[in-house]
Amino acid sequence: MRTRTRLGLAAAVSCAALVTAVAVGRSGGGGVASSLIALPNGPYVALGDSYTAAPKVPGQSGKPAGCERSDHNYPALVARELGLKQGEFHDLSCSGATTADLSAAQSTDQGTNPAQLSAVSRATRLVTLGIGGNDIGFSSMITTCVQAGLGYQLENRFGGPPPDKAPCKARYVSDGTEDIAAKIEAAGGRLTGVLHDIERRAPEARVFVVGYPAILPAEGAAGCGRAMGLAPGDVSFLRQQEQQLNAMLRSRAHAAGASYIDTYTPSAGRDACAQRDVRWVEPLVPAALAAPVHPNERGERGMAQAVLRAVRASG
């Protein structure tokens, strides 16, 4: 995909408008800063999986209900801050989505979500895309690691030989080869195809690939393991897999002429094992209204702040 020039885009951008701050309290060190943002003169389309849709975060809205899409997810907050009118914002994000669900209908327990790319057209001026975690099976990976962590906790509690501190990692790594790395690479190839498709459908759109926020901490693995049901070594293992996924998203976005939005850096220290009044991601047993191991409302606000910063910088 060629790198977009600003000439065509400049003609499609309206006058700057004052943005009202969104309070994020302690989630991100303040609100979305009030400033002048160039508004896209055309629709904004949000694509993505559950980290975009925000399951369980109030209020759940949109169709189908099985996508568990919140009207306080980061796309909705971005659309409000940009002052987009009804009909200028289309959120097709859906829980459980993979890159395949961007170009084909996705079945859920409560209805079918149309192919997400069907909302992208020549009129589209802004696209955000948060995808990839389900392509590599990250949710099932966490489930497997929690099951392995239970065995670790039992062995560690009742004595005996020192238990394996990374029992889950051993299941995914054999002879020094990580099966997950191959899945990340394959997902990267599919993402490149999606980004080319978006450019074909919406050649004047600004396109942003949104990375995943920090789920697990860089330090304090032992304590986090207890909160998340993970062995200490598997906390580090899973964190590394997420970082590799984000690195792929960044690389593929830049190679395709799109922009990458880093939500990992601003969420560092606000992971699922942080204190409940600062964390962006809920643990296995959520203390806030959010799905387990998914962003809460504070996290969605923080992600919206990162998106708005990037949109502001690119205008």
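Preceding this section is the structure that the text describes.
These numbers come from a predicted model, not from an experiment. (Residues numbered from 1 in each chain as written. Predicted model: local features only at pLDDT ≥ 70, side-chain atom pairs only at ≥ 80, totals over all residues. Heavy atoms only, no water.)

Caption draft 1: Structural context of the overall build of the protein. Along its length, the protein carries 11 helices and 13 strands. Sorting the 315 residues of the protein into buried and exposed places 53% on the buried side. Within the protein, residue pairs in contact and separated by at least 24 positions form 69% of the contacts whose partners lie at least 6 positions apart. For the protein, the computed accessible surface area is about 13,400 Å², with 53% contributed by carbon and sulfur atoms. (Helix = DSSP H or I, 4+ residues; strand = E, 2+ residues; numbered from the N terminus. Buried < 20%, exposed > 50% of the residue type's maximum accessible area, 1.4 Å probe, protein only. Contact = heavy atoms within 4.5 Å. Areas by Shrake-Rupley, 256 points an atom, 1.4 Å probe, with all protein chains shown as cover.)

Caption draft 2: Spatial organisation of the pattern of salt bridges. As enumerated under the stated definition, the model contains 8 salt bridges in all. Measuring nitrogen to oxygen at the nearest pair gives 3.4 Å for the salt bridge that ties R279 to E282. When the shortest N-O distance is used, the salt bridge between E297 and R301 registers 3.7 Å. With E297 and R301 both in helix α11 (residues 297–314), this residue pair falls 4 residues apart, about one helical turn. The partly exposed category is assigned to E297, whose relative accessible area is 27%. Residue classification places R301 among the buried residues on the basis of a relative accessible area of 18%. Three or more residues joined by partner-sharing salt bridges are found here, namely D197, R200 and R201. (Salt bridge = Lys/Arg side-chain N within 4 Å of Asp/Glu carboxyl O.)

Caption draft 3: Representation of the pairing of strand β9 (residues 126–130). Extensive coverage of β9 is indicated by the burial of 5 of its 5 residues. Of the two faces of β9, the one holding L126, T128 and G130 and the one holding V127 and L129 are both buried throughout. Both strand β3 (residues 44–48) and β9 contribute to a ladder of 5 bridges, which runs parallel. What sits directly across from A46, in β9, is T128. In this structure, β9 lies alongside strand β12 (residues 206–210), joined through 4 bridges in parallel fashion. (Pairing = 2+ DSSP bridges.)

Caption draft 4: Fine view of the sheet that holds β12. Read from one edge of the open sheet, 5 strands run β6-β3-β9-β12-β13, paired in parallel fashion. Looking along the sheet, the strands with just one partner apiece sit at the ends: β6 (89–91) and β13 (259–261). Between one strand and the next, the sheet's axes are offset by a mean angle of 20°, whatever the strand orientation. Sheet strands in contact with helix α7 (residues 179–201) are β3, β9 and β12, and its direction is about 165° off that of β9. Packing of helix α9 (residues 232–255) onto the sheet brings it into contact with β12 and β13, and relative to β13 it is tilted by some 155°. (Axes fitted to C-alpha atoms, helices over the stretch in contact; angles between N-to-C directions.)

Caption draft 5: Spatial organisation of the state of the cysteines. On inspection of all chains with the given rule, the structure shows 3 disulfides. Note that C67 is cross-linked by a disulfide to C94, the S-S spacing being 2.0 Å. Its S-S torsion of about -90° marks the bond between C67 and C94 as left-handed, since a negative value means left-handed. A residue pair is termed long-range when its members are at least 10 positions apart, and C67 in the loop between β4 (60–61) and β5 (69–70) and C94 in the loop between β6 and α4 (100–103) qualify at 27 residues. Neither C67 nor C94 differs from the other in exposure class; each is buried. The disulfide that involves C145 links it to C168, with 2.0 Å between the sulfurs. (Disulfide = S-S within 2.5 Å.)

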